[in-house]
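Structural characterization, general
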Amino acid sequence: MSIQKTLSLIKPDAVAKNVTGSINAKLEQAGLRIIAQKRLRLTKEQAEEFYKVHSDKAFYRSLCEFMSSGPIIAQVLCGEDAVAKNRQTMGATNPMNAEIGTIRRDFGESIEHNAVHGSDSPENAAIEIAFFFSSLEIIE
């Protein structure tokens, strides 16, 4: 096991429902530390840049529209195997398929409005963290 950093985004649907504290509590209970956090609103162009890896997929446009529709919470999580631990805590992409007690099962509405985003690998975590945070903003 290794100490890792990963990106976590609390999406506009969860921010609008005012459940950010409950989501953060689940992350912390899973052994992850929040070492950077900010509230912001992505422009459509920023969302398109962030999700460009999905630009060939059918859901790309609606995802970018959704992610720029309201404020999000961007945060850096740190802990042992943080990428895998965060993904386990989030649950399956489709909230209906997610295990009981996971973030997406408890707070997600649909595949797209599923409350959170998390990096899928340590390599992508580094890229995604750099998209939202400077090194000065990450306090370990």
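So, here is what we can say about the structure in this document. (Residues numbered from 1 in each chain as written. Predicted model: local features only at pLDDT ≥ 70, side-chain atom pairs only at ≥ 80, totals over all residues. Heavy atoms only, no water.)

1. A few points about the environment of A126
Within the element layout of this structure, A126 appears in helix 7 (residues 122-132). Spatially, the C-alpha atom of A126 lies 8.1 Å from that of L7, the residues being 119 residues apart in sequence. (Helix = DSSP H or I, 4+ residues; strand = E, 2+ residues; numbered from the N terminus.)

2. Points about the sheet that holds strand 4 (residues 116-118)
Spatially, 4 strands are ordered 2-3-1-4 in an open sheet, and the strand pairing comes out antiparallel. At either end of the open sheet lies a strand with only one pairing partner, and these are strand 2 (33-40) and strand 4. Averaged over all adjacent pairs, the angle separating strand axes in this sheet is 20°, with direction ignored. (Pairing = 2+ DSSP bridges. Axes fitted to C-alpha atoms, helices over the stretch in contact; angles between N-to-C directions.)

3. Remarks on unusual backbone geometry
For residues that are not glycine, phi is negative in most cases, and the peptide bond is trans in most cases. Phi is positive for D81, which is not a glycine, with a value near 45°. Turning to its location among the elements, D81 is positioned in the loop between strand 3 (72-80) and helix 5 (82-90). On the accessibility criterion, D81 (24% relative accessible area) is partly exposed. One non-glycine residue with positive phi stands out, namely A115, at about 80°. Along the chain, A115 falls in the loop between helix 6 (103-107) and strand 4. In this structure A115 comes out as buried when scored by relative accessible area, which is 0%. (Buried < 20%, exposed > 50% of the residue type's maximum accessible area, 1.4 Å probe, protein only.)

4. A closer look at helix 2 (residues 20-29)
Where helix 2 is concerned, the buried positions are T20, I23, N24, K26 and L27. One side of helix 2 holds all its buried residues, which, seen down the axis, span an arc of 155°. Within two residues after helix 2, G31 carries a phi angle of roughly 95°, on the positive side. (Arc of directions from axis to C-beta.)

5. Comments concerning the packing of aromatic side chains
Scanning the entire structure with this criterion turns up 4 aromatic pairs. Look at F131 and F132: their rings are 4.9 Å apart centre to centre, the planes differ by 65°, and that puts the pair in the edge-to-face class. By relative accessible area, which is 7% here, F132 ends up buried. Here a set of aromatic residues connected by ring pairs shows up, and it is made of F50, Y51, F131 and F132. Between the NZ or CZ atom of K38 and the centre of the ring of F133, over which it lies, the distance is 4.8 Å. (Phe/Tyr/Trp six-rings, centres within 6.5 Å; stacked < 30°, edge-to-face > 60°. Lys NZ or Arg CZ within 6 Å of the ring centre and 35° of its normal.)

Shape is all these values report; function is a separate question.
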